[in-house]
Amino acid sequence: MSEKLALVTGASRGIGRAIALELAKCGYDLALNYAGNTEAAQKTLEDVKAHGVDAQIYKFDVSNMQEVEENISKIFEKFQRIDVLVNNAGITRDDLFIRMTQEKWEAVINTNLNSAFYVTKPVSKIMMKQRSGAIINTTSVVGLYGNAGQANYSAAKAGLIGFTKSLAKELGSRGIRVNAVAPGFIETDMTKDLPNIDEMLKLIPLKRLGTPEDIAKAVKFLALDAQYMTGQVLEVDGGMII
Ligand code: NAP
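As the structure is a computational prediction, the values presented were derived from the model and not from experiment.

Rules used throughout
Residues numbered from 1 in each chain as written. Predicted model: local features only at pLDDT ≥ 70, side-chain atom pairs only at ≥ 80, totals over all residues. Heavy atoms only, no water. Helix = DSSP H or I, 4+ residues; strand = E, 2+ residues; numbered from the N terminus. Buried < 20%, exposed > 50% of the residue type's maximum accessible area, 1.4 Å probe, protein only. Contact = heavy atoms within 4.5 Å. Pairing = 2+ DSSP bridges. Axes fitted to C-alpha atoms, helices over the stretch in contact; angles between N-to-C directions. Parallel < 35°, antiparallel > 145°, perpendicular 65-115°, else oblique. Left-handed = near helix turned anticlockwise from the far one by under 90°.

Colleague: Could you give an account of the environment of glutamine 150, with specific residues and numbers?
Modeller: You can see glutamine 150 is positioned in the loop between helix H5 (141-145) and helix H6 (151-171). Residue classification places glutamine 150 among the buried positions, given a relative accessible area of 9%. With 42 residues separating them along the chain, glutamine 150 and valine 108 place their C-alpha atoms 9.9 Å apart. Once you skip the residues sitting within four places of it in the chain, glutamine 150 turns out to touch Thr92, Asp94, Asp95, Val142 and Ala155.

Colleague: Residues and numbers for the sheet that holds strand E1 (residues 5-8), please.
Modeller: The strand order across the open sheet built from seven strands is E3-E2-E1-E4-E5-E6-E7, with neighbouring strands paired in parallel fashion. Sheet topology places strand E3 (55-59) and strand E7 (233-236) at the edges, where each strand pairs with a single neighbour. With direction set aside, neighbouring strand axes in the sheet form an average angle of 15°. Against the sheet, helix H1 (residues 14-25) contacts E1, strand E2 (29-34), strand E4 (84-87) and strand E6 (176-183), and its axis sits at roughly 175° relative to E1. Sheet strands touched by helix H3 (residues 65-79): E1, E2 and E3. Its angle to E3, the strand with the most contacts, is close to 165°.

Colleague: Tell me what's going on with the packing of H1 against helix H2 (residues 38-49), and back it up with residues and numbers.
Modeller: For any two helices packed against each other, one specifies the crossing angle of their axes together with the interaxial distance. Following both chains from N to C, one finds H1 and H2 inclined at 20°, their axes separated by 9 Å at the closest point. In this view, H1 runs roughly parallel relative to H2, as classed from their interaxial angle. Our pair here, H1 against H2, has a crossing hand that is right-handed. Counting all contacts with H1, which are made through Arg17, Ala20, Leu21 and Ala24, the residues of H2 involved are Lys43, Thr44, Asp47 and Val48.

Colleague: Could you give an account of the side chain of serine 115, naming the residues involved and the relevant values?
Modeller: Structurally, serine 115 can be placed in helix H4 (residues 102-130). Look past the residues within four positions of serine 115 in its chain and what remains in contact with it is Val62, Ser63 and Asn110.

Next up, the structure:
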């Protein structure tokens, strides 16, 4: 077992999977959360372990506080520490605001924002006792600038930014850094059905969509290298918004 443990939520697919692999390459043991796709989670587990670190998968719904608390206890029981937390799990339920149902609003707020409260609360207690830790919240450029059809998603992602900055102020004196990464358009299951990709590419100076690995490298930077950074939002969007 290595001396460092990273917990990544939503680690079965997409950006979370790439973050888990990047941290495994850096020698971190991994607690890999996912919601229901056990096959994908098992694949991530195998690939993470191929880097010679210890890892385990944990199936729980980040929007269910009780499930979260039970699973954070299990993770602590096994690994005895949590050094890096990446709040990454997220969903979209897009619609124009005029048509947006309460179900769509609440699903996104619960999964993308309330989850950060549920997961970070028990994890920050562990980090406070360790007097060290790094928390990275996955927000979005949409949380900074808004997007038609995503009032629920952008409200949740903007909320995560306020959460990041407030926690950075509260936890800095305990040796805990709290930052956020704000991806632009990244090629994952979440964006595979987006229309007008060609139109979007015109807005991106680097002329390509991002890859999950592009985000994973930024998260690795915030987790390991950025020792004098806290409360920051790192935009990784190919220059889409400058
Ligand atoms: P994705 O490919 O759809 O993967 C979502 C991941 O979250 C999966 O591992 C999924 O688990 C997990 N998940 C979903 N609901 C969950 C829940 N209630 N409890 C636990 N896990 C849950 O998404 P992605 O594109 O990688 O996005 C990752 C994060 O980046 C999200 O927060 C997203 O908002 C943010 N982001 C993405 C983009 C983009 O362009 N893709 C841009 C900006 C921000 P299962 O596999 O078990 O379903």
